[in-house]
Amino acid sequence: MVRIHEEFDVVIKAVTMVGSFVTMETADGGEGFIDQVKHPSWWSEEVPPPAAGDRLHVVVLDPSRTPPRLSALEKDIEIGRRFRSDD
């Protein structure tokens, strides 16, 4: 089970109109989902859209969802780091 604000690497396995399903590169594996607005390409024309096989660094936004919701946005990763440093 992943925890909120946890960071790790993922590989995109499928891209849909609303986001990307990913495989987590954690000890126990697992799957996650990145909403399209939580991928950097949504905010920058210089970042290519997600594609199967892409590797990303992500942070957990909502571990209670199935699959857990993740973000590849640097601002969300930084917010997660601040929350973890307060623990």
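For the structure itself, consult the block above.
The shown structure was predicted, so the numbers you read here are calculated from the model rather than taken from an experiment. (Residues numbered from 1 in each chain as written. Predicted model: local features only at pLDDT ≥ 70, side-chain atom pairs only at ≥ 80, totals over all residues. Heavy atoms only, no water.)

Participant: Where do I start with the overall build of the protein chain in this structure?
Facilitator: Along the backbone of the protein chain there are one helix and five strands. Across the protein chain, helices and strands are ordered from the amino to the carboxyl terminus as β-β-β-β-β-α. Counting every position in the protein chain, which comprises 87 residues, the buried fraction comes to 34%. Total accessible area on the protein chain stands at roughly 5,400 Å², and carbon and sulfur atoms take up 55% of it. (Helix = DSSP H or I, 4+ residues; strand = E, 2+ residues; numbered from the N terminus. Buried < 20%, exposed > 50% of the residue type's maximum accessible area, 1.4 Å probe, protein only. Areas by Shrake-Rupley, 256 points an atom, 1.4 Å probe, with all protein chains shown as cover.)

Participant: Could you clarify how one ought to interpret the nonpolar core in this entry?
Facilitator: Side chains that are nonpolar tend, in soluble globular proteins, to be buried together. Counting residues in hydrophobic clusters, the biggest one holds twelve residues: V2, F8, V10, I12, V22, M24, I34, L56, V58, V60, L70 and A72. In this view, L70 contacts F8, V10, V22, G32, F33, I34, D35, K38, V58, V59, V60 and L61; residues no more than four positions away in its chain are not counted. (Core = buried A, V, L, I, M, F, W, Y, C linked by side-chain atoms within 4.5 Å. Contact = heavy atoms within 4.5 Å.)

Participant: Is there a simple way to explain the pairing of strand β1 (residues 7–15) in this structure?
Facilitator: Note on strand geometry: in a regular strand, side chains alternate between the two faces of the sheet. Of the pairings in the sheet, the one linking β1 to strand β4 (residues 55–62) comprises five bridges and is antiparallel in character. Within β4, the residue paired with V11 across the bridge is R55. Looking at chain direction, β1 and strand β2 (residues 19–24) are connected through five bridges and run antiparallel. Counterpart to V10 in the pairing with β2 is M24. What sits between the antiparallel neighbours β1 and β2 is a turn of three residues. (Pairing = 2+ DSSP bridges.)

Participant: Can you help me understand the pairing of β4 in this one?
Facilitator: Alignment of β4 against strand β5 (residues 69–71), held across three bridges, turns out to be antiparallel. Following the sheet pairing, D62 is matched in β5 by R69. Between β4 and β5, which pair antiparallel one after the other, the connecting turn spans six residues.

Participant: Help me out: how do you make sense of the pattern of salt bridges in this one?
Facilitator: Two side chains that carry opposite charge are able to pair once their charged atoms sit near each other. Within this structure, the stated rule accounts for five salt bridges. Linking R81 and E7 is a salt bridge whose minimum nitrogen-to-oxygen distance equals 2.8 Å. Here R81 is found in helix α1 (residues 74–86), whereas its partner E7 is found in strand β1, with 74 residues between them in sequence. Judged by its relative accessible area of 40%, R81 is partly exposed. According to the relative accessible area criterion, E7 is buried, its value standing at 19%. Between E31 and K13 there is a salt bridge, and its shortest N-O distance comes to 2.3 Å. Note that E31 is positioned in strand β3 (residues 31–35) and K13 in strand β1, a separation of 18 residues in sequence. (Salt bridge = Lys/Arg side-chain N within 4 Å of Asp/Glu carboxyl O.)

Participant: How should the sheet that holds β2 be read in this particular structure?
Facilitator: What links the strands of a sheet is backbone hydrogen bonding, and the strands pair in either a parallel or an antiparallel sense. Strand order in the closed barrel formed by five strands is β1-β2-β3-β5-β4, and the pairing between neighbours is mixed. The mean inter-strand angle of the sheet, taken between neighbouring strand axes irrespective of direction, is 55°. Running at roughly 55° to β4, α1 makes contact with β1, β4 and β5 of the sheet. (Axes fitted to C-alpha atoms, helices over the stretch in contact; angles between N-to-C directions.)

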